[in-house]
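Take a look at the letters that make up each chain.
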Amino acid sequence: MNDFCPVQRDPAPEWYGRLHVRTADLSPASWLTERTLGHAAMGTVAGVAAPGFAAYARILHPASLGEQPVRWSTVAAAHGTRVTPTTRWHEVIGLDQDCLNRSDHGLPGVWDEDPGEGPTPPDVARALIPALGRHTRTPERCWFGLWCGYGRWEFDGIPTFATPGRDEVLLAGTLTDAVSPPALDEFAELPDLWWPEDRAWCVGSDVDLTSTYVGGSPRLIPELLSDPELEAHPVAAGDPVG
């Protein structure tokens, strides 16, 4: 006999924060689903942030110390390691990847909490929005993908579109609406994917990642790399994600 009790989920909302949940016409996402086999494989930058862009950036989710953000470079300096465009967090802190779930790691006075895995953290998202808005003609009409596997809402009856390894619910709103889901629930995840109607760029993240990836123009990406509010590195479409 199976005594496991299924987790009770809330019905899928019509509005996810200020983002409208689309229940018909997923054509705005068709450009993401019509990918050449192998061109944007799961586990690569283009598999997360969409293929076809001239340049890409990796935005690192910060670690923290007493709820204050801490850069990977600060942690690396304290541990005697270094951060490259493809470095993973466990390499920064000098642990084997299988040890990351330990509860006793950290470095007093430097960091005490790992970078958040999952969609772009709200503070990072808010730092991204001004530059993204300057590099699209359609900031008032944007599209978003939310992985249907997040456990809080029951999305089984909502149509989805496929990306490498994930099925996404389509949402619609303005660029600034990207950070509104916590208004629905303080623990609500931000969308995994964002792109404007003119497809000038694409922001991608994933439930298993501690980084956000952005594909865009040769003007946008250098702006992100030089933004003092972001810890960013240039990457290529085929680079592995971390």
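Residues numbered from 1 in each chain as written. Predicted model: local features only at pLDDT ≥ 70, side-chain atom pairs only at ≥ 80, totals over all residues. Heavy atoms only, no water.

(A) Structural detail: the layout of surface pockets. Looking at the largest pocket, its volume works out to about 950 Å³. Lining the largest pocket we find 36 residues, and of these Pro 62, Pro 121, Pro 122, Asp 123 and Val 124 sit closest to its centre. Broken down by element, the residue count for the lining of the largest pocket peaks at five residues, all from helix α5 (residues 122-134). Class assignment for the residues of the lining of the largest pocket results in 19 nonpolar, six polar and eleven charged. (1 Å grid on protein atoms, 1.4 Å probe; cavity = no way out; pocket = protein on both sides within 12 Å on 5 of 7 lines; lining within 4 Å. Points joined across faces, edges and corners; volume = space filled by probe spheres on them. Helix = DSSP H or I, 4+ residues; strand = E, 2+ residues; numbered from the N terminus. Nonpolar A, V, L, I, M, F, W, Y, C, P; charged D, E, K, R; others polar.)

(B) Looking closely at unusual backbone geometry. Positive phi values are uncommon outside glycine, yet Ala 50 reaches one of about 80°. Within the fold, Ala 50 resides in the loop between α2 (45-49) and β4 (55-60). Assessed through its relative accessible area of 0%, Ala 50 is described here as buried. (Buried < 20%, exposed > 50% of the residue type's maximum accessible area, 1.4 Å probe, protein only.)

(C) Just the environment of Trp 72, in detail. One can find Trp 72 in helix α3 (residues 72-79). In the structure, Trp 72 is positioned 170 residues away from Gly 242 in sequence and 13 Å away in space, judged by C-alpha atoms. There is a polar contact of 2.7 Å between the side chain of Trp 72 and the backbone oxygen of His 61. (Polar contact = N/O pair within 3.5 Å; in protein donor to acceptor, adjacent residues only side chain to side chain.)

(D) Representation of the nonpolar core. Residues Leu 132, Trp 194 and Val 214 are the most contacted members of the largest nonpolar core, which totals 36 residues. For this core, the elements supplying multiple residues, two or more each, are β3 (19-21), β4, α5, β7 (142-147), β10 (166-173) and α6 (220-225). Of the residues forming this core, the biggest block, seven residues, is contributed by α5. Not counting the four nearest positions on each side in its chain, Leu 132 is found in contact with Leu 175, Trp 194, Trp 201, Val 203, Val 214 and Leu 220. (Core = buried A, V, L, I, M, F, W, Y, C linked by side-chain atoms within 4.5 Å. Contact = heavy atoms within 4.5 Å.)

(E) Quick look at the side chain of Arg 58. Considering the arrangement of structural elements, one finds Arg 58 in strand β4. As a buried residue without a salt bridge, Arg 58 has its nearest oppositely charged side chain in Glu 91, at a separation of 7.1 Å. There is a polar contact of 2.7 Å between the side chain of Arg 58 and the backbone oxygen of Thr 87. (Lys, Arg positive; Asp, Glu negative; His and termini not counted. Salt bridge = Lys/Arg side-chain N within 4 Å of Asp/Glu carboxyl O.)

(F) Highlighting the environment of Thr 44. Inspection of the secondary structure puts Thr 44 in the loop between α1 (30-33) and α2. Distance from Thr 44 to Gly 238, taken between C-alpha atoms, is 5.4 Å for residues 194 residues apart in sequence. Aside from chain neighbours lying at most four places away, what touches Thr 44 is Ala 237, Gly 238, Asp 239, Pro 240 and Val 241.

(G) Just the environment of Pro 51, in detail. Mapped onto the elements of the fold, Pro 51 is located in the loop between α2 and β4. Residues Pro 51 and Ala 41, ten residues apart in the sequence, show an inter-C-alpha distance of 9.6 Å.

(H) Focus on the pairing of β10. Counting buried positions along β10 gives seven out of eight residues, so the element sits mostly inside the fold. Judged from the two bridges that link them, β3 and β10 form a sheet pairing that is antiparallel. Its bridge partner being in β10, His 20 is matched across the sheet by Ala 172. Pairing analysis gives six bridges linking β7 to β10, with the strands arranged antiparallel. Across the sheet, Cys 142 pairs through a bridge with Gly 173, a residue of β10. Here four bridges tie strand β9 (residues 160-163) to β10, and the two strands are oriented antiparallel to one another. Within the sheet, the bridge partner assigned to Thr 163 lies in β10 and is Arg 166. Linking two consecutive strands that pair antiparallel, namely β9 and β10, is a turn of two residues; a positive phi of about 85° is found at Gly 165 within it. (Pairing = 2+ DSSP bridges.)

(I) The arrangement of the packing of aromatic side chains in detail. In the structure shown here, the tally under the stated rule is nine aromatic pairs. Plain terms: the ring middles of Trp 147 and Tyr 150 are 5.1 Å apart, the flat faces sit at 80° to each other, and that makes the pair edge-to-face. One aromatic cluster in this structure is built from Trp 31, Phe 53, Tyr 56, Phe 161 and Trp 195. Of note, Arg 166 hangs over the ring of Trp 147, and the distance from its end group to the ring centre comes to 4.9 Å. (Phe/Tyr/Trp six-rings, centres within 6.5 Å; stacked < 30°, edge-to-face > 60°. Lys NZ or Arg CZ within 6 Å of the ring centre and 35° of its normal.)

Geometric values such as these leave the question of function open.
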